[in-house]
Structure formats: C-alpha cells, structure tokens
Amino acid sequence: FKAEHGHCIPSAKENNTLTEWFQRLRKWKEKADSDNRPKHFTMRLQHHLETLGFDWKRRSVKGDRGWELRFEELKIFKRKYGHVRVPTRPDKDGTELGRWVTEQRKNRKA
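One structure accompanies this document, and this report is about it.

1. Comments concerning the overall build of the chain
Then comes step 1: Across its full length, the chain holds five helices and zero strands.
Then comes step 2: Walking the chain from its N terminus toward its C terminus, one meets helices and strands in the order α-α-α-α-α.
Then comes step 3: Going through the 110 residues of the chain one by one, you find that 31% of them count as buried.
Then comes step 4: For the chain, long-range pairs separated by at least 24 residues make up 50% of all intrachain contacts whose partners lie at least 6 apart in sequence.
Then comes step 5: Here the chain displays about 8000 Å² of accessible surface, and carbon together with sulfur accounts for 51% of that area.

2. Observations concerning the pattern of salt bridges
Then comes step 1: Throughout the structure, instances matching the rule amount to three salt bridges.
Then comes step 2: For Asp33, the salt bridge is made with Lys29, and the minimal N-O distance between the two is 2.9 Å. Of the two residues, Asp33 and Lys29 are both situated in helix 2 (residues 12-33); the distance of four residues between them amounts to about one turn of the helix.
Then comes step 3: Judged by relative accessible area, which is 51%, Asp33 ranks as exposed.
Then comes step 4: On the basis of relative accessibility, which here comes to 13%, the residue Lys29 falls in the buried class.
Then comes step 5: Here Glu72 makes a salt bridge to Lys75, at a shortest N to O gap of 2.9 Å. Note that Glu72 and Lys75 are positioned in helix 4 (residues 63-81) at a spacing of three residues, about one turn of the helix.
Then comes step 6: For Glu72, a relative accessible area of 31% puts it in the partly exposed group.

Criteria and cut-off values
- Each residue is numbered by its place in its chain's sequence as written, counting from 1.
- The predicted origin of the model limits local features to residues at a pLDDT of at least 70 and limits the giving and counting of side-chain atom pairs to 80 or more, whereas totals for whole chains, interfaces and linings rest on all residues.
- Side-chain metrics in this entry use all non-hydrogen atoms of the structure; hydrogen atoms and water are not considered.
- A run of DSSP states H or I qualifies as a helix once it reaches four residues; a run of E qualifies as a strand once it reaches two. Both are numbered from the N-terminal end.
- Residue exposure (1.4 Å probe, protein chains only): buried if accessible area is under 20% of the type maximum, exposed if over 50%, otherwise partly exposed.
- Pairs of residues are marked as contacts when any of their non-hydrogen atoms sit within 4.5 Å.
- Accessible surface area values rest on a Shrake-Rupley calculation with a 1.4 Å probe, where residue burial reflects the displayed protein chains alone.
- Only one rule defines a salt bridge in this text: a Lys or Arg side-chain nitrogen within 4 Å of an Asp or Glu carboxyl oxygen.

The structure is reproduced here in structure tokens:
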C-alpha cells in the first residue's frame, strides 16, 4: 500500500480490509504499551511497521500531513503514468486522488 500510495494511512474507501487490520494493530499496540502485549503482536512486527512509516496515532489523511501524503501519491501517479491528469472519479482502488487534485487546482485559481 505504501509503495503505491506513498503513505500508511488508508481510508475505508481505499481499502477497508487494510483499514480494519490497521485498527486492530493500533489496539494491540495500546495493549502492548500497557504491558499486556498480545502474543501475535511481536516487537519484530512493531519494528517492521514503524520502519514502513506506520503511524500509531493517525486515523485519517487530514491537515498538512494529509496534503503531503496526497502530494506523494500524485508524484507516484506521475511516475507511473507520465502526467498528472488524474481522473476525478475514484479509481479501481477507490482512492480519491483525482478529487484532491481538482481541489488543489480550484484553490490555486482562488
């Protein structure tokens, strides 16, 4: 997901299964922090997720961080397709990059 989208914060629209798994990971981390670490939530798993940039506190793509994450998605899109004419309807993955790009263009004109 990170390689394709540039971040580790999927929305339910983008990937509901991944979003649900991330929610479980956050709950396991909370238990681990209170010395009640689930057996399946190992230090190794935690380390790998943190290496990928998994944000234990983030729940959505909003604010300045959200803008930066969408911009990273746009750079990946450009590398993949050679342009930034992103469709305004969600693609097969359900991302809303096209809507974000449209909003940025509107903001530039204002």
